[in-house]
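In case you want the letters, here they are:
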Amino acid sequence: MPSLPWSDIDTVLLDMDGTLLDLHFDNHFWLEHLPQRYAELHGVSRAMADMELQPLFERHAGQLQWYCLDFWSTELKLSVRELKLETAHLIALRPDADTFLQAIKQAGKRVVMITNAHRDSLSLKLERIELSPYFERLISSHDYGFPKENPQFWDALQTDIDFDPARSLFIDDTLPILRSARDFGVAHLLAIKEPDSRKGPKDTAEFAAVEDYRELIIGL
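Computed from a predicted model, the values in this text were never measured in an experiment.

For the rest of this paragraph, the subject is the overall build of the protein chain. Assigned secondary structure in the protein chain consists of nine helices and six strands. Here the C-alpha atoms of the protein chain give a radius of gyration of 18 Å, agreeing with the 17 Å that 2.2 N^0.38 yields for 220 residues. Overall, the protein chain is about 60 × 30 × 30 Å in size when its C-alpha atoms are taken along their principal axes. Roughly 10,000 Å² of accessible area belongs to the protein chain as shown, and the carbon and sulfur atoms make up 48% of that amount. Of the charged side chains in the protein chain, 23 are positive and 37 negative, and the gap between their average positions amounts to 1 Å.

Here it is in structure tokens:
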């Protein structure tokens, strides 16, 4: 983990799920809880539920509707928000993420959350983890109509908050999103080594990765 050139960074853009929050909640919900409840609510076996859901998930991955609770509620004929409440106790902050947030805010950096999470999902998480005070803005890609994977998201973000990509740091746990940010010109990019605390480290390819948030604030 190389030290960050903090004097060259004015704006810190941060993802939420897998970056500030443990991705275990989302992985458990989409891969275990939702398929099980889908099976129960529609009177099919768990194996059949997986067979029906997997192609749907694959078809919409990386698109805005993949992150939209309204879309999935309609598509699956159930209330995704209510099902999420059943597992909300699993929502948790990643280690020392709050220490990092407090440090960069106190250092006078401009701190903006940019998440693909649907507004309902964002609200659910903010009810349990107090993140709002650290941020100037909490932006959902649904506000713009494009996911962060899409170049048009970055154009919309630029128009909205008028940031300098060359003097910005962006941290995210999804490699296609980091590559999209790099293509837009964001100069300082970091992945997350272990977004899901139950799954161990992952390969972050060409990106340096955050393993310990305390190390990031050295030199701040």
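This part covers the sheet that holds strand β6 (residues 209–210). With parallel pairing, the six strands of this open sheet are ordered in space as β3-β2-β1-β4-β5-β6. Where the open sheet ends on each side, the last strands, each with one partner, are β3 (137–140) and β6. Examined bridge by bridge, strand β1 (residues 11–14) and strand β4 (residues 168–171) share four bridges and lie parallel to one another. Considered in β4, the bridge of Leu13 is made with Phe170. Contacts between helix α5 (residues 97–106) and the sheet are confined to β1, β2 (110–115) and β4, with β1 contributing the most and set at about 155° to the helix.

Attention shifts here to the pattern of salt bridges. Taken as a whole, this structure holds 18 salt bridges when the rule is applied. With a closest N to O distance of 3.3 Å, Glu127 and Arg128 form a salt bridge. With a relative accessible area of 54%, Glu127 lands in the exposed category. Exposure remark for Arg128: the relative accessible area of 38% places this residue in the partly exposed category. Residue Lys148 is joined to Asp172 by a salt bridge in which the shortest nitrogen-to-oxygen separation is 2.7 Å. Taken together, the residues Lys148 in the loop between β3 and α7 (151–161) and Asp172 in the loop between β4 and α8 (175–184) connect sequence positions 24 residues apart. For Asp172, a relative accessible area of 0% translates into the label buried. A cluster of three or more residues bridged by salt bridges with shared partners is formed by Asp15, Lys148 and Asp172.

All right, on to unusual backbone geometry then. Phi is positive for Lys77, close to 60°, though the residue is something other than glycine. With respect to the helices, strands and loops of the structure, Lys77 is situated in the loop between α3 (69–76) and α4 (80–86).

On to the packing of aromatic side chains, then. Each aromatic ring pair is specified by the distance between its two centres and by the angle formed by the two planes. Evaluated as defined, the whole model comprises 16 aromatic pairs. Judged by centre distance (6.5 Å) and plane angle (20°), the rings of Phe25 and Phe29 are stacked. Placement of both Phe25 and Phe29 in helix α1 (residues 24–42) is noted, with a separation of four residues, approximately one turn of the helix. We classify Phe29 as buried; its relative accessible area is 0%. Residues Phe153 and Trp154 carry aromatic rings whose centres are separated by 5.1 Å and whose planes lie at 85° to one another, so their mutual orientation is edge-to-face. Given the relative accessible area of 0%, Trp154 is considered buried. An aromatic cluster is present here, built from Phe25, Phe29, Trp30, Phe57, Trp66, Phe71 and Trp72 joined pairwise through their rings.

With respect to the secondary-structure elements, Asp26 resides in helix α1. In contact with Asp26, not counting residues within four places along its chain, are Asp17, Lys84 and Lys125.

Conventions used here
Residues numbered from 1 in each chain as written. Predicted model: local features only at pLDDT ≥ 70, side-chain atom pairs only at ≥ 80, totals over all residues. Heavy atoms only, no water. Helix = DSSP H or I, 4+ residues; strand = E, 2+ residues; numbered from the N terminus. Rg over C-alpha atoms; globule rule 2.2 N^0.38 Å. Areas by Shrake-Rupley, 256 points an atom, 1.4 Å probe, with all protein chains shown as cover. Lys, Arg positive; Asp, Glu negative; His and termini not counted. Charge placed at Lys NZ, Arg CZ, Asp CG, Glu CD. Pairing = 2+ DSSP bridges. Contact = heavy atoms within 4.5 Å. Axes fitted to C-alpha atoms, helices over the stretch in contact; angles between N-to-C directions. Salt bridge = Lys/Arg side-chain N within 4 Å of Asp/Glu carboxyl O. Buried < 20%, exposed > 50% of the residue type's maximum accessible area, 1.4 Å probe, protein only. Phe/Tyr/Trp six-rings, centres within 6.5 Å; stacked < 30°, edge-to-face > 60°.

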